[in-house]
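# Structural characterization, general
Given next are the chains, with one letter for each unit.
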Amino acid sequence: MDTKLLTGLITAAVIAVVLLMIWAGWRNRLRRQADVGRLPDVPEAPGVPLVGADGQYVASTTAGDWLDRIAVHRLGIRTNAVLSVYPHGVLFDRTGAPALYIPAGSLTAVRQESGMAGKFVEKDGLLVLTWDLGTHELDTGFRTRRAADKDALYDSLQQLIAAAPQEHSQDPQSGK
């Protein structure tokens, strides 16, 4: 048998095995994360955003473990997105994946990081939102397309988080 043909067949077999292992790993991750709750519904008419920016939705991971991508609900897939901050929550309008809405009351923190889930940038180049989804605490990363947009988003998110407990502690019937 020709050496080039043998080398090509071995290379193709190795690539096939690697792809099979990746597929099996992702399937097992989906099975392991089956207890992650349903995503909040995206508001039909969210209103006018306080601030928004184009960028890249990096991924959602288990909070504090930037390598543990959340596979369910396609939260672990990197996509282009528009991040919009509203008085009632945050909307990631993702290209090629369902939109992700996080109600203000679910947000617990926002910080700036240099990387997560295979995306590494300059110091404080990513916004990372920490939020609760059922019994799971998640980190969701976003990279703005323009560096100037990051500060406005960060400030708006901090204000949203600070205001959310006051809004949610009110009794909706009495407003107190």
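Turning our attention to the pattern of salt bridges. Taken as a whole and assessed by the stated rule, the structure comprises 5 salt bridges. A salt bridge links Glu113 to Arg111, with the nearest nitrogen and oxygen atoms 2.8 Å apart. Judged by relative accessible area, Glu113 falls into the partly exposed class, the value being 28%. Here Arg146 ties to Asp149 by a salt bridge, and the two come within 3.2 Å at their closest N and O atoms.

If you walk across this open sheet you meet the 7 strands as S4-S3-S2-S1-S9-S8-S5, and the pairing is antiparallel. Here the strands that pair on one side only, and so sit at the sheet edges, are strand S4 (100-103) and strand S5 (107-113). Averaged over all adjacent pairs, the angle separating strand axes in this sheet is 30°, with direction ignored. Pairing geometry for strand S2 (residues 79-86) and strand S3 (residues 89-94), over 6 bridges, is antiparallel. Its bridge partner being in S3, Leu83 is matched across the sheet by Phe92.

Take the pairing of S2 next. Consecutive side chains along a regular strand alternate between the two faces of the sheet. Of all 8 residues that make up S2, 6 are buried, and the element is covered over most of its length. Two strands pair when backbone bridges link them, and strand S1 (residues 51-62) and S2 are joined in this way by 7 bridges, in the antiparallel orientation. Residue pairing across strands places Ala53 opposite Leu83, the latter belonging to S2. Where S2 folds back on S3, the antiparallel hairpin that results is connected by 2 residues.

Let us now look at the nonpolar core. Counting residues in hydrophobic clusters, the biggest one holds 30 residues, and the most contacted among them are Val90, Phe92, Leu100, Leu107, Trp131 and Leu153. Breaking this core down by element, the ones donating at least two residues are S1, S2, S3, S4, S5, strand S8 (126-133), strand S9 (136-144) and helix H2 (147-169).

Quick look at a nonpolar patch on the surface now. Together, Leu6, Ile10, Val14, Ile15, Val18, Leu19 and Ile22 make up a nonpolar patch on the protein surface, roughly 640 Å² of accessible area in all. Tracing the sequence through the fold places Ile10 in helix H1 (residues 3-32).

For the protein chain, mean pLDDT is 85; residues scoring 70 or higher make up 89% of the total. For the stretch residues 166-176, pLDDT sits under 50, and the model shows 7 contacts to residues farther than four places along the chain or on other chains.

Calculation criteria
- Residues numbered from 1 in each chain as written.
- Predicted model: local features only at pLDDT ≥ 70, side-chain atom pairs only at ≥ 80, totals over all residues.
- Heavy atoms only, no water.
- Salt bridge = Lys/Arg side-chain N within 4 Å of Asp/Glu carboxyl O.
- Buried < 20%, exposed > 50% of the residue type's maximum accessible area, 1.4 Å probe, protein only.
- Pairing = 2+ DSSP bridges.
- Helix = DSSP H or I, 4+ residues; strand = E, 2+ residues; numbered from the N terminus.
- Axes fitted to C-alpha atoms, helices over the stretch in contact; angles between N-to-C directions.
- Core = buried A, V, L, I, M, F, W, Y, C linked by side-chain atoms within 4.5 Å.
- Patch = residues over 30% accessible without salt bridge, like charges linked within 9 Å, V, L, I, M, F, W, Y side chains within 5 Å.
- Areas by Shrake-Rupley, 256 points an atom, 1.4 Å probe, with all protein chains shown as cover.
- pLDDT = per-residue confidence, 0-100.
- Contact = heavy atoms within 4.5 Å.

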